[in-house]
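# Reading the structure
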Amino acid sequence: MKADLNKMKILVVDDQPSQINLMERQLSQAGYRTIGCCSGEEAIDKLVSHKVDMIITDMDMGGITGEHVLTHVRKRFGLLPVILMSGDPDNLRRKGFDGYLTKPFSAQQLLTAVKNARKRIDEDDKIMDKLIILMADDDPDDRTMLEEAYKSANLKWDLIFAENGIEVMEYLRGIDKYNSIPCPHIILLDLNMPFKDGKETLKEIKNDDKLKHIPIVMFTTSKSEEDIYFCYNCGAASFVTKPFAFDELIEFVKSFNRYWSEIANLPKNEFCYRTLNSSV
């Protein structure tokens, strides 16, 4: 859901109470709600008990820095926008933040930084218009058929492929080349794959607090009652035996798309291992 201006809540973090008071007044006059914190430690505590839409934090606060606040946010809250403010120009070259303010700054500069960061929120909301689906299958023919089926059905999917469970976990945890790629809304997971099979991968995902919210649909040739029971018992959202005919596959992707796009409510795909590089 798009963050509404009049309901948007911003956490302001600075070790100078006068700076917090000034920013809260400026933001309030523009229609934003605010929460003030005098330290990074207090900010992290507030994030546990308060839902916020954005954070504006100072860098150096005598304890936990703004950079540490960013790292905590990325690990726990995904892509929640974080703006960095600092009087040191070197700090403003640090990567991973959604905006930068050089102290001292005007009310207009503050509101412009907030407006620009808000665009990220709106863009994230648009992601739900297009399903991001990670398909894990070692059979290139099966991958090609699914891709052709969803294209034939004129569906709005971003379809991403992995060939085994190891690649799935690297993708979900944003390792190396996968760091800048969004997390999937849904995973289509084959059972029989080399190196790490579907059962191992399913268990690992569902035992990971940062990943277990992602729905996993087992998509396999198996009809084994033992496999079906195992997968549902481990947290699979569904167990589907692959259709062999192409027209049946098209009907499957249409039904799949209708359920996950129009009927089911999915969490945003930001809550995942997507820690942005915050080093210079």
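## What to know about the pattern of salt bridges
Summed over the entire model, instances satisfying the criterion amount to 13 salt bridges. A salt bridge links Arg 173 to Glu 204; the nearest nitrogen and oxygen atoms lie 2.8 Å apart. Taken as a pair, Arg 173 in the loop between helix 6 (165-172) and strand 8 (186-189) and Glu 204 in helix 7 (residues 198-206) lie far apart in primary sequence, 31 residues in all. For the salt bridge of Arg 173 with Asp 208, the shortest nitrogen-to-oxygen distance reads 3.0 Å. Of the two residues, Arg 173 sits in the loop between helix 6 and strand 8 while Asp 208 sits in the loop between helix 7 and strand 9 (216-220), which places them 35 residues apart along the sequence. Its relative accessible area of 26% is what places Arg 173 among the partly exposed residues. Judged by relative accessible area, Asp 208 falls into the buried class, the value being 8%. Three or more residues are tied together by salt bridges with common partners; here these are Asp 137, Asp 142, Asp 190 and Lys 242.

## Notes on the sheet that holds strand 9
Pairing in this open sheet of 5 strands is parallel, and the strands run 7-6-8-9-10 from one edge to the other. Only two strands of the sheet have a single partner each, and these edge strands are strand 7 (157-162) and strand 10 (238-241). When strand polarity is set aside, the average angle formed by the axes of neighbouring strands in this sheet is 20°. In this sheet, strand 10 lies alongside strand 9 in parallel orientation, the contact comprising 4 bridges. Of the residues in strand 10, the one forming a bridge with Met 218 is Phe 239. Set on the sheet, helix 6 makes contact with strand 6 (131-136), strand 7 and strand 8; between it and strand 6 the angle comes to about 150°. In the packing of helix 8 (residues 225-233) onto the sheet, the strands contacted are strand 9 and strand 10, and the crossing angle to strand 10 comes to about 150°.

## Section: the packing of aromatic side chains
Within this structure, the stated rule accounts for 5 aromatic pairs. For the ring pair Phe 219 and Phe 252, a centre distance of 4.9 Å and an interplane angle of 15° mean the geometry is stacked. Taken together, the residues span a long stretch of sequence, with Phe 219 in strand 9 and Phe 252 in helix 9 (residues 246-263) at a distance of 33 residues. The exposure class of Phe 219 is buried, given its relative accessible area of 4%. Judged by relative accessible area, which is 14%, Phe 252 ranks as buried. Aromatic pair Phe 256 and Trp 260: ring centres 6.3 Å apart, planes at 55°, arrangement tilted. Taken together, the residues span about one helical turn, with Phe 256 and Trp 260 both in helix 9 at a distance of 4 residues.

## Some words on helix 7
Side chains three or four residues apart in an α-helix point the same way, a direct result of the helix having 3.6 residues per turn. All of the buried residues in helix 7 are Gly 198, Thr 201, Leu 202, Ile 205 and Lys 206. Within helix 7, the buried residues cover an arc of 120° as seen down the axis, which keeps them to one side. Contacts made by the buried residues of helix 7 are with helix 6, strand 8, strand 9 and helix 8. For helix 7, the side-chain oxygen to backbone nitrogen distance between the N-cap and Lys 199 is 3.2 Å, and the N-cap itself is Asp 197.

## Structural notes on the confidence of the model for the protein chain
On average, residues of the protein chain score 83 in pLDDT, and 86% of them are at 70 or above. Low pLDDT, under 50, characterises residues 1-5; the predicted model gives this stretch 12 contacts beyond four residues in sequence or across chains.

## Some details on the pairing of strand 8
Burial of strand 8 is two-sided: the residues Ile 186 and Leu 188 facing one way and the residues Ile 187 and Leu 189 facing the other way are all buried. Across 4 bridges, strand 6 lies against strand 8 in parallel orientation. Along strand 8, the bridge assignment pairs Met 135 with Leu 188. Looking at chain direction, strand 8 and strand 9 are connected through 3 bridges and run parallel. From the neighbouring strand, Leu 189 faces strand 9, where its bridge partner is Met 218. With helix 7 bridging strand 8 and its parallel neighbour strand 9, the resulting β-α-β unit is right-handed.

Quick notes on the rules
- Going along each chain's sequence as written, the residues are numbered from 1 onward.
- With pLDDT at 70 or above as the cut-off, local features in this predicted model cover only qualifying residues; side-chain atom pairs require 80 or more to be listed or tallied, and sums for whole chains, interfaces and linings still use all residues.
- Heavy atoms from the whole structure form the basis of all side-chain values; hydrogens and water molecules are not counted.
- Take a side-chain nitrogen of Lys or Arg and a carboxyl oxygen of Asp or Glu: if they are within 4 Å of each other, that pair is a salt bridge.
- Helix numbers and strand numbers start at the N terminus; a helix is a DSSP run of H or I with at least 4 residues, a strand a run of E with at least 2.
- Each residue is placed in one exposure class: buried if its accessible area under a 1.4 Å probe, protein chains only, is under 20% of its type's maximum, exposed if it is over 50%, and partly exposed if it falls in between.
- Two strands make a pair as long as DSSP finds a minimum of two bridges between them.
- Simply put, an axis is a line fit to the C-alpha atoms, just over the touching stretch for a helix, and the angle between two N-to-C directions goes from 0 to 180 degrees.
- Contacts are assigned to residue pairs that have any heavy atoms within 4.5 Å of one another.
- Pairing of aromatic rings covers Phe, Tyr and Trp, the last counted by its six-membered ring, and requires centre-to-centre distances within 6.5 Å; plane angles under 30 degrees mean stacked, over 60 mean edge-to-face, and any other angle means tilted.
- Read the arc as the range of directions from the helix axis to the C-beta atoms.
- Identification of polar contacts relies on pairs of N or O atoms within 3.5 Å, with a donor-acceptor requirement for protein atoms, meaning one able to donate a hydrogen and the other able to accept it, and with residues adjacent in sequence counted only if both atoms are side-chain atoms.
- The predictor's confidence in any single residue is recorded as pLDDT, a number from 0 to 100.
- By convention, a crossover is right-handed whenever its connection, traced from the first strand over the helix to the second and viewed with the strands pointing away, goes clockwise.

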